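Observations on chain architecture
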Amino acid sequence: VQLQASGGGLVQAGGSLKLSCVASGRHFVVDEMGWYRQAPGNQRELVARIISDFTTNYADTVKGRFTITRDNAKNTSLQMNSLKLEDTAVYYCNAKGRNYLHSPYDVWGQGTLVTVSS
């Protein structure tokens, strides 16, 4: 299973960006997709995730500003509104599920940089 993330860039504080992530591979099931971020000097942290029943979880710092959606069984998007300087980070897409051998997988996308300027 491979993930391809896109949509990062430079935006002014208060602006919006939308990140997208597409999963591909041979006969796999996605149980959970999520977005994590890592700012310089910080550990990678959960931003938002969505599981197969469309239950969502958000970090307290982004609640009310970010929205994660499953566009279909293998795509996810993260709509980020009212962006703040502290949202600047590399954002990583993550997916968990089972592959065609029914073995679990936990994979990461390549990361996309979001920079919020004042």
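In case you missed it, the structure is sitting above this.
Residues numbered from 1 in each chain as written. Predicted model: local features only at pLDDT ≥ 70, side-chain atom pairs only at ≥ 80, totals over all residues. Heavy atoms only, no water.

Some words on the state of the cysteines
The cut-off we apply is this: Any cysteine sulfur atom paired with another within 2.5 Å is treated as part of a disulfide. Put simply, DSSP H or I for four residues or longer makes a helix, DSSP E for two residues or longer makes a strand, and each gets a number counted from the N terminus. Relative accessibility under 20% of the residue-type maximum defines a buried residue, over 50% an exposed one, and the middle range a partly exposed one, all with a 1.4 Å probe and only protein chains included.
Taken as a whole and assessed by the stated rule, the structure comprises one disulfide. The side chain of Cys 21 participates in a disulfide bridge whose partner is Cys 93; the two sulfur atoms lie 2.0 Å from each other. Disulfide Cys 21-Cys 93: the torsion about the S-S bond is -90°, which places it as left-handed. Pair noted here: Cys 21 is in strand β3 (residues 17–24) and Cys 93 is in strand β9 (residues 89–98), with a separation of 72 residues, a long-range link. Each member of the pair, Cys 21 together with Cys 93, is buried.

Topic: the packing of aromatic side chains
Put simply, the rule is: Think of it this way: a Phe, Tyr or Trp ring, Trp meaning its six-membered ring, pairs with another when their centres are within 6.5 Å, and the plane angle makes it stacked under 30 degrees, edge-to-face over 60, tilted otherwise. Charge-over-ring placement is defined geometrically: NZ (Lys) or CZ (Arg) within 6 Å of the ring centre, and within 35 degrees of the ring normal.
On inspection of all chains with the given rule, the structure shows two aromatic pairs. Their ring planes at 80° and their centres at 6.2 Å tell us that Phe 28 and Tyr 105 sit as a pair that is edge-to-face. Here Phe 28, found in the loop between β3 and β4 (29–38), pairs with Tyr 105, found in strand β10 (residues 104–108); they are 77 residues apart in sequence, far enough to count as distant. In this pair, the class of Phe 28 matches that of Tyr 105, namely buried. Measuring from ring centre to ring centre gives 4.9 Å for Tyr 36 and Trp 108, while their planes differ by 70°; the resulting arrangement is edge-to-face. Taken as a pair, Tyr 36 in strand β4 and Trp 108 in strand β10 lie far apart in primary sequence, 72 residues in all. Given the relative accessible area of 14%, Tyr 36 is considered buried. Sitting over the ring of Phe 28, Lys 74 keeps its end group 4.3 Å from the ring centre.

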